[in-house]
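# Observations on chain architecture
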Amino acid sequence: MKLFVAFLFIALSTLITQAQPSTATLSGTVRGGKAPLPFVNVTLLTAKDSAFVTGAITSEDGLFTLSGVKPGSYLLKISYIGYRPQTLPVLVGQLSTFLDLGTLSLTEVVAQLGEVTVTAQADAVAATMDKKTFTLADNLSQAGGSALDAMRNLPGITVDNDGQVQLRGSKQVMVMIDGKQTALTGFGGQSGLANLPASAIDKIEIINNPSAKFDANGNAGIINIIYKKEKKEGFNGKVGLSAGVGALWVKQANFPGIRPQYQNTPKINPSLSLNYRKNKVNVFFQGDNLYTQTLNKNEFSDRFYDTGQVVRQQVKRNRNTNIITGKTGIDYYANDRNTFTFSGLFSSEKIIDRGDQPFFNASLSERLRLWQFLEDELKTTVTASGTWQHKYRQPGRLLNVGLNYTFHREDEKYFFTNILPTFTGIDSFKLLSDEHVGDLTVDYTQPTRYGRFEAGVKLRRRIIPTNMQFFPGLNSPLDSNAGGRATYNEIIPALYGTYLFETKKLEVEAGLRVEYVDLRYEVDPNHNTYKSNGYQYAQPFPNLRLAYKLNDNNRLSFFYNRRVDRPNEVDIRIFPKYDDAEIIKVGNPALRPQFTSSFELGYKSGWDAGYLYSALYHKEMEGTITRIGSIVPGSTLIYNIFQNAERSRNTGLEVVLSQNLAKWGTLNLNLNSYQTTIDAFSVVNLYPVRNVFSANRQQLVSGNVKLTGLFRLPKSIDAQITALYLAPDLVPQGRIDSRFSIDLGLKMPVQKGRGEVFLNATDVANTLRIRRTVQGDGFNYISTDYFETQIIRLGYNRKF
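Here is a short report on the structure shown in this document. No experiment lies behind these values; they were computed from the predicted model shown.

## A closer look at the packing of aromatic side chains
- Applying the stated rule across the entire model yields 22 aromatic pairs.
- Residues Phe255 and Phe300 carry aromatic rings whose centres are separated by 5.1 Å and whose planes lie at 85 degrees to one another, so their mutual orientation is edge-to-face. With Phe255 in the loop between β16 (234-246) and β17 (265-278) and Phe300 in strand β18 (residues 281-305), the pair connects residues that are 45 residues apart, well separated along the chain.
- Judged by relative accessible area, which is 12%, Phe300 ranks as buried.
- Residues Tyr450 and Phe501 carry aromatic rings whose centres are separated by 5.8 Å and whose planes lie at 50 degrees to one another, so their mutual orientation is tilted. Residue Tyr450 is found in the loop between β23 (424-448) and β24 (451-471), and its partner Phe501 is found in strand β25 (residues 484-502); the two are separated by 51 residues along the sequence.
- Given a relative accessible area of 27%, Tyr450 falls into the partly exposed group.
- Here the aromatic residues Trp371, Tyr414, Phe416, Phe429, Phe470 and Tyr578 are joined through ring pairs into a cluster of three or more.
- The ring of Phe787 has Lys251 sitting right over it, with the charged end atom 5.8 Å from the ring centre.

Right under this line is the structure:
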């Protein structure tokens, strides 16, 4: 496999997607001396043969606008009775969709005007080589699932063993909805993607090299989820229903003496999208209900201790999930220059977990303990936002003001039955967390003759009070003194500026974002280990993009940016979590941010039937955030605690190739190979007692291969097959073995194109499982998770 991947890398060379040519709007002012000239004829001709392209007449103020101009070389001709006609060469590039030609003067005296160069940034996945956009309607093999399911088949994205998306091997990804961070997908880190219905999503953007306009967190990049929203005149919408079944066969049978694992698990997802537009008002609504039963975890672990003791265990988790999501809003077009948008989002996610965790000796002849649990969790999210966009008289000159508020509540109740040979204990705990986040943003865009300038400010206030209550029973294993109250308090003001400049051969985008962060984590003074903590910093986060156009179809690019990954509230949360009875997760309020500097060299080549893009990238991380597993003397319990390791590095090559075979098919190949290095480090864990952990230097070459075929069959039937191979990779204190899966999908139009029926299957060979090896001080363990991966879905959508 390594030879195969290496051969493909050498044979293919470099990556990004070739977009369709964008269009630009040209604007300017015509004057005669110092006075504006009205009713001047302005025409745009092709430079090659002077063919007419478009034209306009200046307003009473001498302003003109030419819209829908494709990239290319043109001649701008200005004529007016009594004045000498002027002809100017104009280059429309691929950096800005609005170009300001400035003031053009006409006089009776011959005036030699200089060359005017206009640039344009191609649309989402094209010339900038920093963003790719994918429409979910084309992702046939994951239709009817969650946002996480939909992302599994996208180029450049993989999903780790904890259900978090990775870009180029890193899960430090910022996830946004419609360009905004929300509690649904996480503020400090990603969350909830498995519970966001894909039926609500229109497109997904992947931004590997964000500009200074975006928040500085997320060193791997940004994933922007764009919700469905129509703007057609009148009343229109879409209704859909999908149903599925998973866990068709038992991958691995239970250890004896526990409740059955889920089989033939049902899935159902009705959805409704409505839109009404008339005159100045556009009203929209998107509603979804995603109900699933899932064998969420079925992990078998063998733990080996230096004392000679061996413990064999299974964690089986049957999960019922019901998520209701609704987004609604109104666009009000007050006039040609002012638009107001008010929207709200509501999500209610109910999770019921029923789990069994038996512990046996090495020969499975003696059960040491049985830990049964019931988790009853309700997550409620409400967001409200308002935006105002003001368009100045000069096309492309914009002012955007936005205010966004998010409330997110986690109401968790855990009930445990601790069964040992001599007694049975009943324990429980309750966690209540209320998150309040307010964002104020102001963004300004000014077109220039050769590009554009952008600037803005942002202010964020985030408060999360939490309360953990333990209710111990007989001989309880719960650390009831580690409960109490804690409050996360964060203030982040930021400002940024970016400048884009383009000539016929060179593109430059340079930006700087400055953020000040003041974080305070207030801990209950009665907590048995941790005390209040926090940090402050004011840091610059620059970005730079250089591109050189070899010709119309080939270009080189260079990227640099500096970003930060701040610990999320759950990473520093002081309360132990007992969903695994003997591998216990605990936060660390002393955790500090991780800073990353990224460098990338890319090459893109496009042709009529496809494209090729490759990128060589390198990341340097300081204060690497990782989870450390350790034991304390006299105990077999493993405590997983977040810590800052020293430095780490990630160097790799990504290649994407897309080729239209003919009208009947397209192949897309995504290759990614990277080397991860974590330097040796030593840290002090405080929980449950002070202990020192040291780790040697870790280094591993890993990667993945993703091949997708799209085929057009008779009767307008579309088919998709996706094969995914993930090579072994590093995990904290160990490695994860290789993984492989194949997904299939079919889609057929019905009812004269107004409806469609789809059928798909994930992991059709039922081969996907996660095997890990972990080495700690005084112990090591091997685990394999046979969780549910094979699902068959059937669905129907209809537009009206």
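## Observations concerning the environment of Asn533
- Along the polypeptide, Asn533 turns up in strand β27 (residues 533-551).
- For Asn533, a relative accessible area of 25% puts it in the partly exposed group.
- Along the chain, Asn533 and Leu591 lie 58 residues apart, while their C-alpha atoms are 9.1 Å from each other.
- Each residue touching Asn533, except ones within four places of it in the same chain, is listed here: Leu519, Arg520, Tyr521, Pro589, Ala590 and Arg592.

## Re the pairing of strand β37 (residues 691-695)
- Taking every second residue as pointing to the same face, the buried face of β37 carries Asn691, Phe693 and Ala695, while none of Val692 and Ser694 on the other face is buried.
- Where strand β36 (residues 681-685) meets β37, five bridges bridge the pair, whose relative direction is antiparallel. Bridging across to β37, Phe681 finds its partner in Ala695.
- Between β36 and β37, which pair antiparallel and follow one another directly, the connecting turn spans five residues.

## A word on the pattern of salt bridges
- In this structure the tally under the stated criterion is 43 salt bridges.
- With a closest N to O distance of 2.4 Å, Glu788 and Lys267 form a salt bridge. With Glu788 in the loop between β45 (779-785) and β46 (791-799) and Lys267 in strand β17, this pair connects stretches of sequence that are 521 residues apart.
- When the shortest N-O distance is used, the salt bridge between Glu299 and Arg772 registers 3.3 Å. With Glu299 in strand β18 and Arg772 in strand β44 (residues 770-776), the pair connects residues that are 473 residues apart, well separated along the chain. Taken individually, Glu299 and Arg772 each receive the classification buried, so the pair is uniform in this respect.
- Connected through shared salt-bridge partners, Asp215, Glu435, Asp439, Lys458, Arg460, Arg462, Glu490, Arg513, Glu515 and Arg566 make up one network.

## Regarding the sheet that holds strand β14 (residues 201-207)
- Taken together, four strands build an open sheet; the order of strands is β10-β14-β15-β13 and the sheet is mixed. Of all the strands in the sheet, just β10 (131-135) and β13 (173-177) have a single pairing partner and so form its edges. Across the sheet, the mean angle separating the axes of adjacent strands is 15 degrees when strand polarity is ignored.
- Pairing analysis gives five bridges linking β10 to β14, with the strands arranged antiparallel.

## A look at the sheet that holds strand β29 (residues 583-586)
- Sheet architecture is open: three strands sit in the order β29-β33-β32, paired in mixed fashion. A strand with exactly one partner marks an edge of an open sheet, and here the two such strands are β29 and β32 (625-630). Ignoring strand direction, the axes of neighbouring strands in this sheet form an average angle of 30 degrees.

## A look at the side chain of Ser199
- Examined against the element boundaries, Ser199 turns out to sit in the loop between β13 and β14.
- Residue class for Ser199 comes out buried when judged on its relative accessible area of 15%.
- In this structure the side chain of Ser199 is engaged in a polar contact, spanning 3.1 Å, whose partner is the side chain of Asn269.
- Within polar-contact distance, the side chain of Ser199 engages the side chain of Asp288 at 2.4 Å.
- Each residue touching Ser199, except ones within four places of it in the same chain, is listed here: Lys228, Asn269, Ser271, Gln286 and Asp288.

Cut-offs used in this document
Residues numbered from 1 in each chain as written. Predicted model: local features only at pLDDT ≥ 70, side-chain atom pairs only at ≥ 80, totals over all residues. Heavy atoms only, no water. Phe/Tyr/Trp six-rings, centres within 6.5 Å; stacked < 30°, edge-to-face > 60°. Helix = DSSP H or I, 4+ residues; strand = E, 2+ residues; numbered from the N terminus. Buried < 20%, exposed > 50% of the residue type's maximum accessible area, 1.4 Å probe, protein only. Lys NZ or Arg CZ within 6 Å of the ring centre and 35° of its normal. Contact = heavy atoms within 4.5 Å. Pairing = 2+ DSSP bridges. Salt bridge = Lys/Arg side-chain N within 4 Å of Asp/Glu carboxyl O. Axes fitted to C-alpha atoms, helices over the stretch in contact; angles between N-to-C directions. Polar contact = N/O pair within 3.5 Å; in protein donor to acceptor, adjacent residues only side chain to side chain.

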